[in-house]
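Topology and contacts: notes
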Amino acid sequence: NPDLELFKATEHIELVTGVIILPQRQTVLFAKQASEIDLLSKGRLRLGLGTGWNYTEYQALGIPFEILLKHFTASYSASRAALTSADDMINLRSGF
């Protein structure tokens with residue numbers, strides 16, 4: 001991947017995302033992709049995460065807008081556990 005060649009050429013450049021609307025992503029897939037990029041960049045990935053604000057987008061996804069913050073918190077907790085755990089498996093309980 002040409003984008004990753006940049007990480008081989010330097011030890012200081014970080015990869016910083018724009019704001020990723022976490023509740024609109026598949027949590028496990030997001031965590032897998034983020035951890036792979038972080039691994040390939042030797043820990044230089046910086047993520048911007050947010051809840052979003054557009055009612056219509058959540059309606060289209062079938063996520064009640066009223067539980068947006070709870071959904072974000074659950075997604076964040078699961079992603080963080082997956083990204084920081086040294087274990088092959090993590091156990092989480094959530095209402096989602």
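Definitions and limits used
Residues numbered from 1 in each chain as written. Predicted model: local features only at pLDDT ≥ 70, side-chain atom pairs only at ≥ 80, totals over all residues. Heavy atoms only, no water. Helix = DSSP H or I, 4+ residues; strand = E, 2+ residues; numbered from the N terminus. Buried < 20%, exposed > 50% of the residue type's maximum accessible area, 1.4 Å probe, protein only. Areas by Shrake-Rupley, 256 points an atom, 1.4 Å probe, with all protein chains shown as cover. Phe/Tyr/Trp six-rings, centres within 6.5 Å; stacked < 30°, edge-to-face > 60°. Contact = heavy atoms within 4.5 Å. 1 Å grid on protein atoms, 1.4 Å probe; cavity = no way out; pocket = protein on both sides within 12 Å on 5 of 7 lines; lining within 4 Å. Points joined across faces, edges and corners; volume = space filled by probe spheres on them. Nonpolar A, V, L, I, M, F, W, Y, C, P; charged D, E, K, R; others polar.

The next subject is the overall build of the protein chain. A count of helical and extended segments in the protein chain gives four helices and two strands. When its helices and strands are written in sequence order, the protein chain yields α-β-α-β-α-α. Out of the 96 residues belonging to the protein chain, those deemed buried represent 24%. Accessible surface, the protein chain: about 7200 Å² in total, of which carbon and sulfur atoms supply 56%.

Below, the discussion takes up the packing of aromatic side chains. Counted by the stated rule, this structure contains three aromatic pairs. Between Tyr-58 and Phe-65, the aromatic rings sit 5.9 Å apart at their centres with planes inclined by 65°, giving edge-to-face as the arrangement. On the basis of relative accessibility, which here comes to 0%, the residue Tyr-58 falls in the buried class. Each ring, one from Phe-72 and one from Tyr-76, has its centre 6.2 Å from the other, and the planes form 15°; the classification is stacked. In this pair, Phe-72 and Tyr-76 both sit in helix α4 (residues 68–84), four residues apart, roughly one turn of the helix. Within the aromatic cluster, the residues linked to one another by ring pairs are Tyr-55, Tyr-58 and Phe-65.

Turning our eyes to something else, we now look at the environment of Tyr-55. Residue position: Tyr-55 is located in helix α3 (residues 55–61). Distance from Tyr-55 to Glu-66, taken between C-alpha atoms, is 9.4 Å for residues 11 residues apart in sequence. When residues no more than four places from it in sequence are discounted, the contact partners of Tyr-55 are Phe-65 and Glu-66.

Bringing the layout of surface pockets into the picture now. The computed volume of the second largest pocket comes to approximately 230 Å³. In terms of lining residues, the second largest pocket is bounded by Phe-30, Ala-34, Ser-35, Asp-38, Leu-45, Leu-47, Leu-49, Tyr-76, Ser-79, Arg-80, Leu-83 and Thr-84. Secondary-structure elements contributing two or more residues to the lining of the second largest pocket are α2 (27–40), β2 (45–50) and α4. Ranked by residues supplied to the lining of the second largest pocket, first place goes to α4 with five residues. Taken together, the residues that form the lining of the second largest pocket break down as seven nonpolar, three polar and two charged.

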